[in-house]
Structure formats: C-alpha cells, structure tokens
Amino acid sequence: IQNLYFVRKESKIPLLKVLESLENFLGEVFKQGLGQSPKVLKWRFIMTQSERENLVRGYLGKTVTVTVDRPIGYVHRKGEKVLTYPVNYGYIAGVLGGDGEELDVYVLGIDRPVAECEVRVIGIVFRADDVEDKLIAAPQGKRYRAEEATEAIRFAEKYYHSRVEICPDLLT
C-alpha cells in the first residue's frame, strides 16, 4: 500500500494520506454522529497539485491577518514527535488549503508569542509528499532569503520533502 497513489488530474497523492483523511472523517462520524456536528459534514477536499499551487501563489505579496494557534514556545505532540515552535504558526481564517483545513502560515520576524498578526506573505513551502502547502509571512519591511526561511521552519519541515520559495520582488 505504501507504493500506491490516488491520482486526480495531474496530481499523485500517496494512498496512505487519502486513507488517513478518510479514517479521520469516519472517526468523527462514529464518535459524534452525523446529526450532531456540522464539522463531520466537511470531509477533507483534496486539491490537485496545480490547484494548491495556484491558491498559495495568489497570496504572495499580499497582507493577511493570521490567527495564531501555535505561538512561539508552543509544544505540539504527535505520536513520537514533539515539536516546540520557535516561530508563530497559524492560519488565514476562512481560506481552505489543500487538506480542507484553513491555510497554514509560518510567521517569521515576530519574536514574541501573539494571538493574531497582520503580516505580508513573502514565501511558500511546497510539500511534495503531503496534501497541503504552507505560506511564509513576515511583518511589512522584513526580508528573508530562502535559506533563512528554510532554517527558521526546519523544526517542522524536516519531516517532509519540502522546498521554500521566496517571492523575488520581496527580497530587495
């Protein structure tokens, strides 16, 4: 099963990721019951790679409000992995990413925990082995090279085959 893929248009998504998403959805249905929560009615829509890329590229250079749900210092435990966040991390409310959840954003350049911030999207994290990509943002006027941004988010991205692209217009 590890070498099987779900193919949709031009995207290849590992079948294990699709099955994991379906398992999570069905778990919610059985745990809460279909009539009990609108959350279970929203099964994870999986975007094609092209759709994901168009979505995240559309935010480059834009100012967005990020709701931070994992501030600097937050400890996230997932199985054997323990991540301590050295940067603020959150999402753009109401904008769905490739995994059907709100679009995630790494926030660089703010050195204290915050609950919300207005920042400019300066880059993208493209994940080759996941169903979602992520944005990188910073306060207006802060600049980061791809190498600097990559190092800042390595704590989480080391578990994925990802690459960072910084908008060239925002480097100068």
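Residues numbered from 1 in each chain as written. Predicted model: local features only at pLDDT ≥ 70, side-chain atom pairs only at ≥ 80, totals over all residues. Heavy atoms only, no water.

Quick question: what am I supposed to make of the pairing of strand β4 (residues 75–78) here?
Two faces belong to every sheet, and in a regular strand the side chains alternate between them. When β4 meets strand β5 (residues 81–84), the two strands line up antiparallel, connected through four bridges. Considered in β5, the bridge of V75 is made with T84. The hairpin turn running from β4 into β5, its antiparallel successor, is two residues long, and G79 in that turn takes a positive phi close to 65 degrees. (Pairing = 2+ DSSP bridges. Helix = DSSP H or I, 4+ residues; strand = E, 2+ residues; numbered from the N terminus.)

What exactly am I supposed to notice about the packing of aromatic side chains here?
The geometry of an aromatic ring pair comes down to the distance between the two centres and the angle between the two planes. Counted by the stated rule, this structure contains five aromatic pairs. Relative to Y89, the ring of Y85 has its centre 5.5 Å away and its plane inclined at 50 degrees; by these criteria the two rings are tilted. Summarising the aromatic geometry, the rings of Y85 and F155 are spaced 4.9 Å apart at their centres and angled 70 degrees between planes, so their arrangement reads as edge-to-face. Note that Y85 is positioned in the loop between β5 and β6 (88–96) and F155 in helix α3 (residues 146–157), a separation of 70 residues in sequence. Both residues of the pair, Y85 and F155, belong to the buried class. Taken together, the ring pairs in this structure connect Y74, Y85, Y89, Y106 and F155 into an aromatic cluster. Just above the ring of Y59 sits the side chain of K62; from NZ or CZ to the centre is 5.9 Å. Positioned above the aromatic ring of Y159 is the side chain of K81, whose terminal nitrogen or guanidinium carbon lies 4.5 Å from the ring centre. (Phe/Tyr/Trp six-rings, centres within 6.5 Å; stacked < 30°, edge-to-face > 60°. Buried < 20%, exposed > 50% of the residue type's maximum accessible area, 1.4 Å probe, protein only. Lys NZ or Arg CZ within 6 Å of the ring centre and 35° of its normal.)

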